[in-house]
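Examination of the molecular architecture
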Amino acid sequence: MAEEIDQCVRAARDVGAAILATPVSSTVKQVNADRQVERTIDRRPLWLAQTPQVAHRLAGAGIGGEFRWIGLAAGSDRRSGGS
């Protein structure tokens with residue numbers, strides 16, 4: 001995990017912000033107001049943000065929408081991605 005945290009800090013230096021993330025493995029359901037299941041959400045594009053979430057202060061501006069994520073998957077299936 002220390003290696004992933006180091007990658008996160010380096011990525012934040014490069015683009016201003018970075019997060020660690022893991023792919024969603026649970027089944028996700030969308031329900032209506034009566035809590036009746038309407039559909040199962042495709043979890044393939046979903047990732048859960050983990051700690052740390054790293055951001056470098058930008059003079060006079062917010063971070064905006066650009067970040068880099070460092071993906072963590074179970075076992076040796078590690079993934080990394082971009083903004």
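Residues numbered from 1 in each chain as written. Predicted model: local features only at pLDDT ≥ 70, side-chain atom pairs only at ≥ 80, totals over all residues. Heavy atoms only, no water.

Let's shift gears to the overall build of the protein chain. On a plain count of helices and strands, the protein chain comes out with one helix and five strands. Beginning at the N terminus, the succession of helices and strands in the protein chain can be written as α-β-β-β-β-β. If you take every contact in the protein chain between residues at least 6 apart in sequence, the share linking residues at least 24 apart comes to 57%. Looking at the protein chain as shown, the accessible area adds up to about 6,000 Å², and 47% of this sits on carbon and sulfur atoms. (Helix = DSSP H or I, 4+ residues; strand = E, 2+ residues; numbered from the N terminus. Contact = heavy atoms within 4.5 Å. Areas by Shrake-Rupley, 256 points an atom, 1.4 Å probe, with all protein chains shown as cover.)

The next point concerns the environment of isoleucine 41. Inspection of the secondary structure puts isoleucine 41 in strand 3 (residues 37-41). For isoleucine 41 and threonine 27, which are 14 residues apart along the polypeptide, the C-alpha to C-alpha distance reads 7.6 Å.

In this structure, cysteine 8 sits in helix 1 (residues 2-15). Look at cysteine 8 and you get buried, because its relative accessible area is 0%. Expressed as a C-alpha distance, the spacing of cysteine 8 and glutamine 53, which sit 45 residues apart in the sequence, is 7.9 Å. (Buried < 20%, exposed > 50% of the residue type's maximum accessible area, 1.4 Å probe, protein only.)

Sheet topology places strand 2 (residues 28-31) next to strand 3; four bridges connect them, and they run antiparallel. Along strand 3, the bridge assignment pairs valine 31 with valine 37. Between strand 2 and strand 3, which pair antiparallel and follow one another directly, the connecting turn spans five residues, one of which, arginine 35, has a positive phi of 65°. (Pairing = 2+ DSSP bridges.)

With that settled, consider the nonpolar core. Counting residues in each nonpolar core, the largest one holds six residues, listed as Cys8, Ala11, Ala12, Ala18, Leu20 and Val54. Only helix 1 and strand 1 (17-23) provide two or more residues apiece to this core. Ranked by residues supplied to this core, first place goes to helix 1 with three residues. (Core = buried A, V, L, I, M, F, W, Y, C linked by side-chain atoms within 4.5 Å.)

Mapped onto the secondary structure, glutamine 50 falls in strand 4 (residues 47-55). Look at glutamine 50 and you get partly exposed, because its relative accessible area is 29%. It is 7.2 Å that separates the C-alpha atoms of glutamine 50 and threonine 22, two residues lying 28 residues apart in sequence. Contact partners of glutamine 50, with chain neighbours within four places excluded, come to Leu20, Ala21 and Thr22. Only 3.1 Å separates the side chain of glutamine 50 from the side chain of threonine 22, close enough to count as a polar contact. (Polar contact = N/O pair within 3.5 Å; in protein donor to acceptor, adjacent residues only side chain to side chain.)

Before going further, it helps to spend a moment on the confidence of the model for the protein chain. Segments scoring low in pLDDT should not have their predicted coordinates read at a detailed level. Per-residue pLDDT for the protein chain has a mean of 74; in total, 66% of the residues score no lower than 70. For the protein chain, the element scoring lowest by mean pLDDT is strand 5 (residues 68-71), at 56; strand 3 scores highest, at 97. Low pLDDT, under 50, characterises residues 73-83; the predicted model gives this stretch 20 contacts beyond four residues in sequence or across chains. (pLDDT = per-residue confidence, 0-100.)

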